[in-house]
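One-letter residues, chain by chain:
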Amino acid sequence: MDAPLPAPDGALTSPAAARNMGAVLEVLRAHLPADGPVLEVAAGTGQHAAGFARALPGLDWTPSDPSPEARASVEAWRADGPPNLGPPLALDVLDETTWPDRPFKAVVCLNMIHIAPWAATGGLMRLAGRTLVRPGGLLVLYGPFLESDVETAPSNLAFDASLKARDPAWGLRDRDAVVEVARTHGLAFTLRKAMPANNLTLLFRRV
């Protein structure tokens, strides 16, 4: 990964996004298609969108976020960003009227499902099942998960507790439960990859 992009005027930044950019990009390089449209759900500050679009110039990267503040930050990143970074969509996984009606080769969602109600995971899977090309369209999830067959790191247990203290509907999600919801929407679980700081990348393919 190149040196981190300097934040343009009006853009928000996230230290976590800066830290995990390179590790996530390595997975994306290995598994995303070489070209075509990609939808990023819950793009947040837009740091990832700007960095990934610059590093993967063959892709048409469409960021999205339900937050007006986040979309304004994405637009600030776009001002000096690569030409393949599109304008942000006001997409809410819980509101199907906001979903795009065009197909995508991949959907990327980083660090969302644990800071949203469980219904958001189902909404994300329905969105991916509807918009991904078939067969083979790719859904990429990244973040911390709970796993029945892997001991949870103390830092993740503490993070889970802090999330639930902020909102009882939030919290780390069980990997197997996520996989099952994906399956019901035509998404086959194909890869679990351990990432730095006790995170995982999970890949699913549209069948």
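First, a word on what this report is: a plain description of the structure on this page. (Residues numbered from 1 in each chain as written. Predicted model: local features only at pLDDT ≥ 70, side-chain atom pairs only at ≥ 80, totals over all residues. Heavy atoms only, no water.)

1. Re the side chain of Gln47
With respect to the helices, strands and loops of the structure, Gln47 is situated in helix α2 (residues 47-55). Setting aside residues up to four positions removed in sequence, Gln47 forms contacts with Leu12, Thr13, Ser14, Ala17, Ala18, Met21 and Trp77. (Helix = DSSP H or I, 4+ residues; strand = E, 2+ residues; numbered from the N terminus. Contact = heavy atoms within 4.5 Å.)

2. Details of the nonpolar core
Generally speaking, a soluble globular protein has its nonpolar side chains buried in company with each other. Counting 28 residues, the largest nonpolar core has Val41, Leu124, Leu139, Leu141 and Phe204 as its most contacted members. If one sorts the elements of this core by residue count, helix α4 (residues 118-131) sits on top with five residues. In this view, Leu124 contacts Val41, Val93, Val107, Cys109, Met112, Ile113 and Leu141; residues no more than four positions away in its chain are not counted. Membership of the second largest hydrophobic core comes to 27 residues, among which are Ala11, Val24, Ala53 and Val140. (Core = buried A, V, L, I, M, F, W, Y, C linked by side-chain atoms within 4.5 Å. Buried < 20%, exposed > 50% of the residue type's maximum accessible area, 1.4 Å probe, protein only.)

3. Looking at the sheet that holds strand β2 (residues 59-63)
Spatially, six strands are ordered β2-β1-β3-β4-β8-β7 in an open sheet, and the strand pairing comes out mixed. Looking along the sheet, the strands with just one partner apiece sit at the ends: β2 and β7 (187-195). For this sheet the average axis-to-axis angle between neighbouring strands, irrespective of direction, equals 20 degrees. Pairing analysis gives five bridges linking strand β1 (residues 36-41) to β2, with the strands arranged parallel. Of the residues in β2, the one forming a bridge with Val38 is Trp61. The strands touched by helix α1 (residues 15-31) within the sheet are β2, β3 (106-110), β4 (138-143), β7 and β8 (199-206), with β7 carrying the most contacts at an inclination of about 140 degrees. (Pairing = 2+ DSSP bridges. Axes fitted to C-alpha atoms, helices over the stretch in contact; angles between N-to-C directions.)

4. Notes on the packing of α1 against α2
When two helices pack together, their arrangement is given by the angle between the helix axes and the distance between those axes. Running from amino to carboxyl end, α1 crosses α2 at an angle of 40 degrees, the nearest separation of the two axes being 10 Å. Overall, the two elements α1 and α2 adopt an arrangement that is oblique. Crossing geometry of α1 relative to α2 is assigned as right-handed. Side by side, α1 and α2 meet where Ala17, Ala18, Asn20, Met21, Val24, Leu25, Leu28 and Arg29 of the first sit next to Gln47, His48, Gly51, Phe52 and Ala55 of the second. Taken together, the residues of the contact of α1 with α2 sort by class into eight nonpolar, four polar and one charged. (Parallel < 35°, antiparallel > 145°, perpendicular 65-115°, else oblique. Left-handed = near helix turned anticlockwise from the far one by under 90°. Nonpolar A, V, L, I, M, F, W, Y, C, P; charged D, E, K, R; others polar.)

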